[in-house]
Amino acid sequence: MAGAPIRREDAEWRRKLPPEQYAVCRCSATEAPFTGRWWDHKQAGRYRCAACGEALFDSGSKFESGTGWPSYTRPVAAGAVSEHADDSHGMHRVEVRCARCESHLGHLFPDGPQPTGMRYCINSAALEFEAEDAG
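Residues numbered from 1 in each chain as written. Predicted model: local features only at pLDDT ≥ 70, side-chain atom pairs only at ≥ 80, totals over all residues. Heavy atoms only, no water.

1. Looking at the overall build of the protein chain
Okay, so step 1: Helices and strands together make up the secondary structure of the protein chain, namely two helices and nine strands.
Okay, so step 2: Reading the secondary structure of the protein chain in the N-to-C direction produces α-α-β-β-β-β-β-β-β-β-β.
Okay, so step 3: Relative to its length of 135 residues, the protein chain is compact, with a C-alpha radius of gyration of 14 Å against a globular reference of 14 Å.
Okay, so step 4: Taken over the C-alpha atoms alone, the protein chain extends approximately 45 × 40 × 30 Å along its principal axes.
Okay, so step 5: In the protein chain, which comprises 135 residues, the proportion classed as buried is 44%.
Okay, so step 6: Excluding contacts between residues fewer than 6 apart, the proportion of contacts in the protein chain whose partners are at least 24 apart in sequence is 56%.
Okay, so step 7: With the model as given, the accessible surface of the protein chain reaches about 7,000 Å², and the carbon-plus-sulfur share is 51%.
Okay, so step 8: Positive and negative side-chain charges in the protein chain, numbering 16 and 19 respectively, have mean positions lying 3 Å apart. (Helix = DSSP H or I, 4+ residues; strand = E, 2+ residues; numbered from the N terminus. Rg over C-alpha atoms; globule rule 2.2 N^0.38 Å. Buried < 20%, exposed > 50% of the residue type's maximum accessible area, 1.4 Å probe, protein only. Contact = heavy atoms within 4.5 Å. Areas by Shrake-Rupley, 256 points an atom, 1.4 Å probe, with all protein chains shown as cover. Lys, Arg positive; Asp, Glu negative; His and termini not counted. Charge placed at Lys NZ, Arg CZ, Asp CG, Glu CD.)

Here it is, written out as structure tokens:
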């Protein structure tokens, strides 16, 4: 379950986030594949929303999808992310957002490995990482 909702004016998000994170999180941009910080990251820990710090994905659900973006089989907890219809670019997809601050994270596809069969394809720019051994 996500923490208390966070609502900010656009100008505040622009001040808070570096340009690439703002473009991804607040404008639904997509970083180029194989360029993000976390696509091939293997350390144990938790991936958090870059905009608000909410826990989103655990390294135990991360897998190599071959797409060039961090991919996960499930969120860290029910309610951590929200799903929205995305009919942009002439196709139907499911957009994934942080449930707490509504930042764009990426998209959800039904082509992941078991046990869920799902692939949460997430932009590195939308994530921060907290190592398992971090206090």
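2. What about the environment of Gln21?
Okay, so step 1: For Gln21, the position within the fold is in helix α2 (residues 19-27).
Okay, so step 2: Separated by 83 residues in sequence, Gln21 and His104 place their C-alpha atoms 9.9 Å apart.
Okay, so step 3: Every residue in contact with Gln21, bar those within four places of it in the chain, is listed here: Arg26, Ala50, Ala125, Leu127 and Glu128.

3. A short note on α2
Okay, so step 1: Every buried residue belonging to α2 is among Gln21, Tyr22, Val24 and Cys25, and all of these are buried.
Okay, so step 2: Among the structural elements, α1 (10-16), β7 (104-109) and β9 (127-131) are those in contact with the buried residues of α2.
Okay, so step 3: Phi turns positive, to about 60°, at Ser28, one or two residues after α2.

Note that all results are geometric; they support no functional claim without further evidence.
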